[in-house]
Amino acid sequence: MARELQVEALTRRYGMLTALDDLSFSANAGEVIGFLGPNGAGKTTTMRVVFGLTSLESGLVRWRGNPVGAPERRRFGYMPEERGLYPGMRIGDQLVYMGRLHGMSRFDAHRATRKWLERLGLVDRMGDKVEALSHGNQQRVQLAAAVMHEPELLFLDEPLAGLDPTGIDDISEILIERARAGCCVIFSSHQLDQVEDLCESVIIIDHGRLVVAGHVDDLATSGARRLVVRVEADRSGDWARDVKGVTVSEVTGGAVRLILDEETDTDDVLQAARRAGRVTEFVMRRRRMSEVFREALQ
Amino acid sequence: MRTARYVIIVAVILVVTGLRLWRRRRRRRTPKSERPIRLPRREWATGDVALVMGRELRERIRGRFYLVGTVIILIVVGAAIVIPVVRSSKTASETVGVVGTLPAATRTWLVAAAHDDGATARFVTFPTKARATASLRTGHIAFAIVHGGEIVVEDSFSPTDNSTIAQLVRAVATRLGDQRALAAAGLSTQQASILGHAQPLTVYALHHGTTKRIYATSLIGVILIFIMLSQYNTWLLVGVMEEKASRVVEVLLAAVRPVKLLSGKVLGIGLAAMLQASVVVTFALVLSQAIGSNLLRGAGPQEIFVTLGWLVLGYSLYCWLYAAAGSMAERQDQVQSLALPLSLPMIVGYVVSLTAASAATPSLVLRIFAYVPFTAPFAMPVLVGFGVVTWWQFATSVVLTLACTLAVARVATGIYRRAILRTGSRVRLRDVNTS
């Protein structure tokens, strides 16, 4: 698969603070990619660099091998973290305006506006002002503004924040659909389990540097083995704390999630569990994205 | 004066040509790959700038503030035209008490004098001065003429009192005094009659004066310019601030260059202002014509075009400053502190121009302010109204304002570009310079 987006050695400083420190990564078309990192890691700054909203000390962003300029950016879609719409403007007018700024004809922009609002169940509110919508519906309109011109690259900053499960499902469905249509979809999120469900790949950055990047399946199956054990009448998981070569990752609902050292034998763990009580669950698990994230940042 | 005129024209031509040559040489020295891309001129009219401008114009005109603001301005202008007409059409009726006899010629003259002052006069005869005085106290008569040699009023008039009755009493006193003097001079009846009917000489003017009307036009014009510049520049400031606060500017700038976004915004709001100004001027002209007001009659196309032209020039100059200020704010409470220093030159120019137009005197300060770009939009239309500006003086003021506008626009777009995406707190000028 072609490496469509290439971010090469980006460096950006704000006074004494280094927001991006020689950051490099690449992204494929046709994939949904999670762009992760703790607060202040440089995610928003990276997005702004891609869209030419901030200058660089050094580095380059390429799209299909060429430096990104104004014509390329017109074919990109961007959804910033919060708002990003005119609160007092009518929804229909706003989408037509955004579409036309991205090079659509008046006719195409009107047609795309109706199509997306129908799909998002907001066609009846086309004449309402954005500020009259709920947070979830504003988020839907914002997504429509970002995708209505069928961008080649879609960059979204926290698109799932503050949404109810229905909203998350709606937006996730659209992101997957755009990726299947050949778009390169990159989004940042703090909801790591949703990232795991939605993304094919992830890019994790911290302090403006790349920490880890790769396919979700590869990252989940790599690293130390995970074992989940449930022992009847022992909800604290204290039995596991003294087992050699085992680290307790978390205890939830009586199930203990363990990280096994390379040489640890699962039979030894099973025997230790049996000594504590009747074992009702004993299963190997993949690394969760939250674990990948935490371990990458350690 | 003629030499100065030619020196200024030649200087302007040299400066413009020099600037063009300098820019061309600088462009040639820059490698092709680093040269900024120049858009075809047509794209400015049909591309992003036109889209942004169209949105601004549409949203402003649709807004309730625009409609309400236009209605309020129309009401104020309508009142300024209608009220003087209504007041002048009302004729006061003055009753004059007469004790003894008053010659018919004097009565006729008094009726005519009252008519000239916009009043009618009628006479009531009293047998005694006491009866006339009593009637004066009850307000039945305005004043009394006693035996043609004494005038009695209830309260004395101050020298500055220009009321109809005060002017009439002064005229009657002068007339009766003259008659008494003529009688004392021992002239024959025929001689006294000739002197009594003496008429002032006709004064011939080289130009037909409509001075008062032009001052009224200047007055209305300068008020209109001030209201509209304040209103629309504040809209611009708040509009830019809101785009920044709502983060919509991030989405826009991902697709549009900052200078195009700002230009479209400035043009859109400017067009909304010109549309409103055109509606107000058309309404004022039609109304004054319809009701026979002489407030704008005689204010030919020149005065109207000068007012509208300076409205455009004033907006072109100030809009960039307000837009740059808007890009430095992020909250409504920061708007006031940013707008105040920008509005000071406007207020000063407005007050000086308004005072000069009201006093009907082109003061020295007004003449100086007419060439200072930040006050010229107020001072120059008033100076034109006085008829004391030659075409080259007018052109000099326009060129100075345009040159200043170019410089201000260049600096302001730089500030806008650097400040519009800086969020978190109010951006200060030193932050912009260091970014």
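We now turn to the structure provided with this report. The structure displayed is predicted, hence computed values, not measured ones.

## Some points on the environment of alanine 255 of chain A
No. 1: Within the element layout of this structure, alanine 255 of chain A appears in strand E13 (residues 255-260).
No. 2: Residues within four places of alanine 255 of chain A in sequence aside, it is in contact with Val228, Val229, Arg230 and Glu250 of chain A.

## A few points about the packing of helix H3 (residues 91-101) of chain A against helix H3 (residues 48-62) of chain B
No. 1: Closest axis-to-axis distance for the H3 of chain A/H3 of chain B pair is 10 Å, and the angle between their directions is 165 degrees. Looking at the two axes, H3 of chain A sits roughly antiparallel to H3 of chain B. Between H3 of chain A and H3 of chain B lies a crossing whose hand is left-handed. Facing H3 of chain A, whose interface residues are Asp93, Tyr97, Arg100 and Leu101 of chain A, H3 of chain B presents Asp48, Leu51, Val52, Arg55, Glu59 and Arg62 of chain B.

## Quick look at the interface of chain B and chain A
No. 1: Each partner contributes to the interface: chain B provides 19 residues, whereas chain A provides 22 residues.
No. 2: Of the roughly 2100 Å² buried where chain B meets chain A, counting both sides, 58% is carbon and sulfur surface.
No. 3: The largest contributions to the chain B side of the interface with chain A come from Leu51, Arg55 and Val251 of chain B, which together make up 25% of the buried area.
No. 4: Taken together, chain B and chain A are joined by three salt bridges.

## Overview of the sheet that holds strand E14 (residues 279-285) of chain A
Residue and element names in this part refer to chain A.
No. 1: Here four strands make up an open sheet; going across it, the order is E12-E13-E11-E14 and the pairing antiparallel. Looking at strand neighbours, the two that pair on one side only are strand E12 (246-252) and E14, the edges of this open sheet. Ignoring which end each strand starts from, the neighbouring axes of this sheet average 20 degrees apart.
No. 2: Relative to E13, strand E11 (residues 225-231) runs antiparallel, the two sharing six bridges. The residue of E13 that forms the bridge with valine 229 is valine 256.
No. 3: Of the strands in this sheet, E11, E12, E13 and E14 touch helix H9 (residues 266-276), which is tilted by about 155 degrees from E14.

## Quick notes on the side chain of threonine 401 of chain B
No. 1: Among the secondary structure elements, threonine 401 of chain B is positioned in helix H16 (residues 391-419).
No. 2: Not counting residues up to four positions away in its chain, the partners in contact with threonine 401 of chain B are Trp310, Leu313, Leu317, Pro373 and Ala376 of chain B.

## Some details on the pattern of salt bridges
All names here are of chain A.
No. 1: Summed over the entire model, instances satisfying the criterion amount to 35 salt bridges over all chains.
No. 2: In this structure, the salt-bridge partner of arginine 64 is glutamate 4, at a minimum N-O distance of 3.0 Å. Of the two residues, arginine 64 sits in the loop between strand E4 (58-63) and strand E5 (66-67) while glutamate 4 sits in strand E1 (residues 3-14), which places them 60 residues apart along the sequence.
No. 3: Residue class for arginine 64 comes out partly exposed when judged on its relative accessible area of 44%.
No. 4: Between arginine 75 and glutamate 152 there is a salt bridge, with the nearest N and O atoms lying 3.1 Å from each other.

Cut-offs used in this document
- Residues numbered from 1 in each chain as written.
- Chains lettered and ligands numbered in written order.
- Predicted model: local features only at pLDDT ≥ 70, side-chain atom pairs only at ≥ 80, totals over all residues.
- Heavy atoms only, no water.
- Helix = DSSP H or I, 4+ residues; strand = E, 2+ residues; numbered from the N terminus.
- Contact = heavy atoms within 4.5 Å.
- Axes fitted to C-alpha atoms, helices over the stretch in contact; angles between N-to-C directions.
- Parallel < 35°, antiparallel > 145°, perpendicular 65-115°, else oblique.
- Left-handed = near helix turned anticlockwise from the far one by under 90°.
- Buried area = accessible area lost by both parts, 1.4 Å probe.
- Salt bridge = Lys/Arg side-chain N within 4 Å of Asp/Glu carboxyl O.
- Pairing = 2+ DSSP bridges.
- Buried < 20%, exposed > 50% of the residue type's maximum accessible area, 1.4 Å probe, protein only.

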